[in-house]
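The primary structure of each chain is shown beneath.
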Amino acid sequence: MVDPTTLDRWLYRLIFLGLAGLAVFVMILPLETRPGRLPAPDWMLCLTLAWLQRRPDYLPPWLIAGVFLMLDMLLMRPPGLMTALVLVGSEFLRARQQVSVETAFGPEWLLTGGTIFAIYLADGMVLALFSVPEADFGRLMFLALVTALVYPLVALASRYALGVRRVTPGDLDPRGLNR
């Protein structure tokens, strides 16, 4: 007999992997070939942080690391840099998840937006430190701003289209862990 909660977790993990595959497919399509185009938001970062704010048990660190390492390789970013930064940012938010259960959306958005800016700031600093030619700091900060601004849309879609709702105290077992 399979525990329904465990089945639910694995189902949402598969949905997350499917959405990651879809996002990669759309990102690598040659839809716009002109240089100088404004960057699109990082949809996978938004989705990851939105799910972490609602149900951190759906996204274990190994899944986040695997998805973002795949993204690093397929999008030709420095391998492991964005993976490590997203993993640090997601664990920062996961550590504050018990506090955010009772938090309204405004403070959650500010905390997540700050985490997004910190991730891109650290990325820009590391790329600049090693003199990577693609390290355009202004472009990275604009990308962080756009990503933080679309976060509410991703959180809304996660809640109502995918059913990823916040964990409530009734969802916790007596030890305080998610059931």
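Remember, predicted model here, so these are calculated numbers, not experimental data.

**Some remarks on helix 4 (residues 81–95)**
For helix 4, built from 15 residues, the straight-helix expectation of 21 Å at 1.5 Å per residue is met to within 8% by its first-to-last C-alpha distance of 21 Å. Listed in full, the buried residues belonging to helix 4 are Leu81, Met82, Thr83, Leu85, Val86, Gly89, Ser90 and Leu93.

**Side note on the environment of Val126**
Within the secondary structure layout, Val126 lies in helix 6 (residues 105–129). Val126 sits in the partly exposed class, given a relative accessible area of 30%. With 45 residues separating them along the chain, Val126 and Leu81 place their C-alpha atoms 8.5 Å apart.

**Notes on a nonpolar patch on the surface**
On the surface, Leu38, Phe105, Trp109, Phe117, Phe142, Leu145 and Leu149 cluster together to form a nonpolar patch covering roughly 620 Å² of accessible area. When residues of the nonpolar patch are traced back to their parent elements, those giving at least two are helix 6 and helix 7 (137–160). Take Phe105: it is sitting in helix 6.

**Digging into the layout of surface pockets**
Left-over empty space is what a probe sized like a water molecule reveals as it rolls over the atoms. By volume, the largest pocket amounts to about 1,500 Å³. Forming the walls of the largest pocket are 36 residues, and the residues nearest its centre are Met27, Arg37, Pro39, Ala40 and Leu75. Listed by contribution, the elements that provide at least two residues to the lining of the largest pocket are helix 1 (4–28), helix 2 (43–54), helix 3 (61–74), helix 4, helix 6 and helix 7. A total of five residues in the lining of the largest pocket trace back to one element, the largest contributor, which is helix 1. Considering only residue class, the lining of the largest pocket consists of 27 nonpolar, no polar and nine charged.

**Describing unusual backbone geometry**
Unusually for a residue other than glycine, Met76 sits at a positive phi of about 55°. Among the secondary structure elements, Met76 is positioned in the loop between helix 3 and helix 4. Look at Met76 and you get exposed, because its relative accessible area is 77%. Even without glycine at this site, Ser131 takes up a positive phi of about 55°. Within the secondary structure layout, Ser131 lies in the loop between helix 6 and helix 7.

**Quick word on the packing of helix 1 against helix 2**
To describe two helices that pack against each other, one gives the angle between their axes and the distance between the axes. Interhelical geometry of helix 1 versus helix 2 gives an angle of 165° and a closest axis separation of 10 Å. Considered as vectors, helix 1 and helix 2 are oriented roughly antiparallel to each other. By crossing handedness, the relation of helix 1 to helix 2 is classed as right-handed. Counted together, Tyr12, Ile15, Phe16, Leu19, Ala20 and Ala23 of helix 1 and Met44, Leu47, Thr48 and Trp51 of helix 2 form the full contact between these two elements. Within the contact of helix 1 with helix 2, the residues separate by chemical class into nine nonpolar, one polar and no charged.

Basis of the calculations
Residues numbered from 1 in each chain as written. Predicted model: local features only at pLDDT ≥ 70, side-chain atom pairs only at ≥ 80, totals over all residues. Heavy atoms only, no water. Helix = DSSP H or I, 4+ residues; strand = E, 2+ residues; numbered from the N terminus. Expected span 1.5 Å × (residues − 1). Buried < 20%, exposed > 50% of the residue type's maximum accessible area, 1.4 Å probe, protein only. Patch = residues over 30% accessible without salt bridge, like charges linked within 9 Å, V, L, I, M, F, W, Y side chains within 5 Å. Areas by Shrake-Rupley, 256 points an atom, 1.4 Å probe, with all protein chains shown as cover. Salt bridge = Lys/Arg side-chain N within 4 Å of Asp/Glu carboxyl O. 1 Å grid on protein atoms, 1.4 Å probe; cavity = no way out; pocket = protein on both sides within 12 Å on 5 of 7 lines; lining within 4 Å. Points joined across faces, edges and corners; volume = space filled by probe spheres on them. Nonpolar A, V, L, I, M, F, W, Y, C, P; charged D, E, K, R; others polar. Axes fitted to C-alpha atoms, helices over the stretch in contact; angles between N-to-C directions. Parallel < 35°, antiparallel > 145°, perpendicular 65-115°, else oblique. Left-handed = near helix turned anticlockwise from the far one by under 90°. Contact = heavy atoms within 4.5 Å.

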